[in-house]
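Structural overview for review
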Amino acid sequence: RVEGPITIPLPPRATGVSWSNHLKPEASDRKLALAAELERGDPVTQRLRGDWRERAEDFVWTLINSPEFLFVP
């Protein structure tokens, strides 16, 4: 069960880096700041409990290991 308000992810934002300015140091600083922000990831939500995640992982594990699941690389 999910409690609390549901948030919708924001659309991608402009980075301020384009082909016309990609060699400038300011553009590199912006991209490094964006990379650091992406590494931090989304803030952890308290709406999903650990037991829900366990059930979801068990479901995916069961689905992948079922004989009906065909994986062709």
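In case you missed it, the structure is sitting above this.
Residues numbered from 1 in each chain as written. Predicted model: local features only at pLDDT ≥ 70, side-chain atom pairs only at ≥ 80, totals over all residues. Heavy atoms only, no water.

1. Section: the overall build of the chain
In plain terms, the rule: The way it works is that DSSP assigns letters per residue, a run of H or I at least four long becomes a helix, a run of E at least two long becomes a strand, and they are numbered from the N terminus. We get accessible surface area from the Shrake-Rupley algorithm with a probe of 1.4 Å; when it comes to residues, only the shown protein chains can shield them.
When its secondary structure is counted, the chain shows two helices and zero strands. Surface summary for the chain: the accessible area is close to 7400 Å², and the carbon and sulfur share equals 62%.

2. Notes on the pattern of salt bridges
A side chain of one charge can pair with a side chain of the opposite charge when the charged atoms of the two come close. Using the following cut-off: Salt bridges are identified by distance alone: a Lys or Arg side-chain nitrogen within 4 Å of an Asp or Glu carboxyl oxygen. Per-residue accessibility, obtained with a 1.4 Å probe over protein chains only, is compared with the maximum for each type, and a residue is labelled buried under 20%, exposed over 50%, and partly exposed between these values.
Summed over all chains, the structure comprises two salt bridges. Its salt-bridge partner being Arg55, residue Asp51 comes within 3.3 Å of it at the nearest N-O pair. Within this pair, Asp51 and its partner Arg55 are both found in helix α2 (residues 50-65), separated by four residues, close to a single helical turn. Exposure remark for Arg55: the relative accessible area of 46% places this residue in the partly exposed category. Glu57 is the partner of Arg53 in a salt bridge, and the nearest nitrogen-oxygen pair spans 2.9 Å. With a gap of four residues between them, Arg53 and Glu57 both fall in helix α2, about one helical turn apart. Among the residues examined, Arg53 registers a relative accessible area of 55% and is labelled exposed. By relative accessible area, Glu57 is classed as partly exposed at 43%.

3. Points about a nonpolar patch on the surface
Heads up, the rule is: Residues enter patches when they are more than 30% accessible in relative terms and free of salt bridges; like-charged ones are connected within 9 Å and nonpolar ones (Val, Leu, Ile, Met, Phe, Trp, Tyr) within 5 Å.
A surface patch of nonpolar side chains, amounting to about 470 Å² of accessible area, comprises Phe59, Val60, Leu63, Ile64 and Phe69. The class of Ile64 is partly exposed, set by a relative accessible area of 44%.

4. Comments concerning helix α1 (residues 25-40)
Operational definition: One less than the residue count of a helix, multiplied by 1.5 Å, gives the span that helix is expected to have.
Over its 16 residues, α1 runs 23 Å from end to end, which matches the ideal 22 Å to within 8%, given 1.5 Å per residue. With its phi angle positive at about 75°, Gly41 sits one or two positions after the end of α1.

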